[in-house]
Amino acid sequence: MPRAAAAAAATALVAAVLGAAPAAATGQRPAADRQPAAESLQRRFASAAAEFGVPEGLLLAVAYQQTRWESHDGAPSTTGNYGVAGLTRVDPAAVPPGADGPRLHTLDAAARLIGRPAEQVAADPAQNLRAAAALLAQYQRESGRAASADPGDWYRAVARYGGSDESPFADRVFDTLRTGAERTTADGRHVRLAGAPALRVDRPARPAPRSGDAAADCPAGLDCEPRPAAYALTDPADPSSYGNYTKANRPDDGQRIQYVVLHDTEGGYDGSLATFRNPKSQASAHYLVRSSDGHVAQLVSNRDVAWHAGNKTFNMHGIGIEHEGYAFPKDRPTWYSEQLYRSSAALVRHLAARYGIPLDREHVLGHDDVPGPVQANVAGMHWDPGTFWDWAHYLDLLGAPLPAHTGPPAVGAVITVAPAFDTNRPAVNGTRTGRRTSSRCTPARPPTPRC
């Protein structure tokens with residue numbers, strides 16, 4: 001079992017999902033667009049909300065659930081979100097047939113509403129918030145509802161902003177409005193949203209689940225569906241050539257579930273789902289989390305052994321969770337979405353309670369923490385979820401924050417090296433050629449998979 005030492009920093013990444021990124025994706029803003037660090041981001045929220053008739057608290061809560069009010073210097077997320085409000089720009093050519101739609105192009109749509117270039121809206125927090133407020137106001141009008149000063153009247157517009165009426169995004173936004181939020185961003189801007197515990201929300205009724213639908217093993221309230229990975233014979237001449245996982249009866253068969261292993265997909269959600277549903281892929285995970293809205297698909301029953309970790313012991317005793325994203329992105333995104341973090345953390349809390357998994361970095365692992373089963377395999381182990389996974393934030397969401405150490409550690413204590421995500425910015429260029437960073441792997445046939 002590895003002693004997880006790295007609990008570092010950061011958030012990730014796009015590649016084929018994003019096409020040509022705006023110039024702001026380099027992190028270098030044009031001189032004319034740079035804003036003094038002391039300028040109040042809080043005032044920018046108030047100004048944008050007033051200009052377009054959007055409740056200020058609503059705009060604050062929407063942006064908090066997109067980015068926690070971070071601008072990321074104009075760099076994109078794994079699904080092409082830009083700026084404080086997380087507006088999207090995704091290359092249609094990189095999206096599977098039938099998967100493209102307006103939710104992937106809100107940056108350009110919102111920029112047109114305020115008459116500004118999309119590149120400026122991506123990079124400039126003030127213009128990003130103006131564009132987001134204009135888009136919310138348009139969604140409110142198109143829902144047939146008035147631009148009310150009561151944020152509880154804006155549920156439909158918020159759900160559309162998040163991309164789907166079925167995703168938990170809108171519910172999380174209104175939870176934030178009720179509880180409030182406060183933090184200082186990486187560039188030193190303090191923002192506060194006062195809570196409104198008595199807020200009432202005009203939330204449309206959702207259809208009841210169809211009787212007979214299979215249930216996924218997920219916490220209540222999480223947008224989660226069963227999408228079974230393939231388990232089928234791949235070679236008629238070989239009765240043992242089944243993929244993509246091993247049938248089992250954990251933990252009743254003695255294979256205790258002790259670990260959660262986090263991965264990134266090195267590709268888009270739909271393509272990854274297709275990979276797992278092809279038995280010839282010889283790879284699987286128990287869950288897949290979509291970056292844009294935190295939607296979760298369960299691919300393999302937790303009773304069965306998925307092939308994900310490159311180490312049979314960790315496969316037998318672990319649950320693998322894939323996250324849409326890239327460890328070494330082509331277009332240099334630098335963060336994972338807040339919706340992905342929140343859905344993943346809710347899922348892990350549920351699994352930890354069910355199986356008695358301790359919520360610490362010795363049991364909640366990245367694929368990069370899993371050792372090679374023998375020395376010869378060490379060099380080929382994977383690096384995901386990568387440099388840009390913010391472990392400190394993730395552990396906070398798990399309710400297991402990293403301990404603060406103010407003095408020398410006790411003799412024999414486990415040391416966690418945890419540089420602050422906001423200040424730890426290692427150069428990442430992917431120059432180690434021949435090394436795949438994804439969690440894809442090619443296992444031997446059951447019962448001894450290498451993955």
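Computed from a predicted model, the values in this text were never measured in an experiment. Counting restarts for each chain: residues are numbered from 1 in the order of the written sequence. Per-residue local features are limited, in this predicted model, to residues with pLDDT of at least 70; the limit for side-chain atom pairs, both in listing and counting, is 80 or more; totals at the level of whole chains, interfaces and linings are taken over all residues. Processing note: side-chain calculations cover all non-hydrogen atoms of the structure and skip hydrogens and water entirely.

K.L.:
I'd like to hear about the overall build of the protein chain, residue by residue, with values.
P.N.:
By definition, any uninterrupted DSSP run of H or I lasting at least four residues is a helix, any uninterrupted run of E lasting at least two residues is a strand, and each is numbered from the N terminus. In terms of regular secondary structure, the protein chain is built from 12 helices and 14 strands. Throughout this description, buried means an accessible area under 20% of the type-specific maximum (1.4 Å probe, protein chains only), exposed means over 50%, and partly exposed covers the range between. Counting only residues that meet the buried cut, the protein chain has 54% of its 451 residues in that class. The contacts of the protein chain with a sequence gap of at least 6 include a subset with a gap of at least 24, amounting to 72%. Each accessible area is a Shrake-Rupley estimate made with a 1.4 Å probe; only the visible protein chains count as cover when residues are assessed. If you sum the accessible surface of the protein chain, you get close to 19000 Å²; carbon and sulfur atoms cover 52% of it. Contact definition: two residues touch when any of their heavy atoms are within 4.5 Å.

K.L.:
Would you mind going over unusual backbone geometry in detail, with residue names and values included?
P.N.:
Note the cis peptide between Gly243 and Asn244, where omega equals 15°. Looking at where Asn244 falls in the secondary structure, it is placed in the loop between strand E7 (242–243) and strand E8 (245–246). The omega torsion of the bond from Arg250 to Pro251 falls at -10°, within 30 degrees of zero and hence cis. With respect to the helices and strands, Pro251 occurs in the loop between E8 and strand E9 (259–264).

K.L.:
Summarise the pattern of salt bridges; cite the residues concerned and give the values.
P.N.:
Only one rule defines a salt bridge in this text: a Lys or Arg side-chain nitrogen within 4 Å of an Asp or Glu carboxyl oxygen. Enumeration over the complete set of coordinates arrives at 19 salt bridges. When the shortest N-O distance is used, the salt bridge between Arg156 and Asp202 registers 3.5 Å. Of the two residues, Arg156 sits in helix H6 (residues 155–162) while Asp202 sits in the loop between strand E4 (190–193) and strand E5 (224–226), which places them 46 residues apart along the sequence. Judged by relative accessible area, Asp202 falls into the partly exposed class, the value being 29%. For Arg290, the salt bridge is made with Asp293, and the minimal N-O distance between the two is 2.9 Å. Given the relative accessible area of 4%, Asp293 is considered buried.

K.L.:
With reference to specific residues and values, describe the pairing of strand E3 (residues 181–184).
P.N.:
Where burial is concerned, the two faces of E3 differ: the one with Ala181 and Arg183 is buried and the one with Glu182 and Thr184 is not. Should DSSP find at least two bridges between two strands, the strands are regarded as paired. Sheet topology places E3 next to E4; four bridges connect them, and they run antiparallel. Residue pairing for E4: Arg183 is matched across the bridge by Val191. Linking E3 back to E4 in an antiparallel pair, the connection comprises five residues, with Gly188 at a positive phi of about 85°.

K.L.:
Before we move on, could you go through the pairing of E9 and cite the residues and values that matter?
P.N.:
E9 sits mainly inside the fold: six of its six residues count as buried. Neither face of E9 is open: one carries Tyr259, Val261 and His263, the other Val260, Leu262 and Asp264, and all of them are buried. Both E9 and strand E13 (residues 318–323) contribute to a ladder of six bridges, which runs parallel. The residue bridging Leu262 from the neighbouring strand is Ile321, located in E13. Here E9 pairs with strand E14 (residues 364–366) via three bridges, running parallel.

K.L.:
I'd love a proper account of the state of the cysteines, names of residues and values included.
P.N.:
By convention in this document, the label disulfide applies to cysteine sulfur atom pairs within 2.5 Å. Across all of its chains, the model carries one disulfide by this definition. There is a disulfide in this structure between Cys218 and Cys224, and the S-S distance comes to 1.9 Å. Under the relative-accessibility criterion, Cys218 is labelled buried at 15%. Classification of Cys224 by relative accessible area gives partly exposed; the value is 21%.

K.L.:
Help me get a handle on helix H8 (residues 269–276), residues and values and all.
P.N.:
For H8, every residue scored as buried is listed here: Tyr269, Ser272, Leu273 and Phe276. Down the axis of H8, the sector holding all buried residues measures 100°, keeping them to one side. Looking at the packing, one finds that the buried side of H8 touches E5, strand E10 (287–289), strand E11 (296–298) and E13. Along the arc lie the directions from the helix axis toward the C-beta atoms.

K.L.:
Summarise the environment of Ala198; cite the residues concerned and give the values.
P.N.:
Within the element layout of this structure, Ala198 appears in the loop between E4 and E5. The exposure class assigned to Ala198 is exposed, which follows from its relative accessible area of 69%. A C-alpha to C-alpha distance of 9.8 Å links Ala198 and Thr179, two positions 19 residues apart in sequence.

The analysis is restricted to geometry; functional conclusions fall outside its scope.
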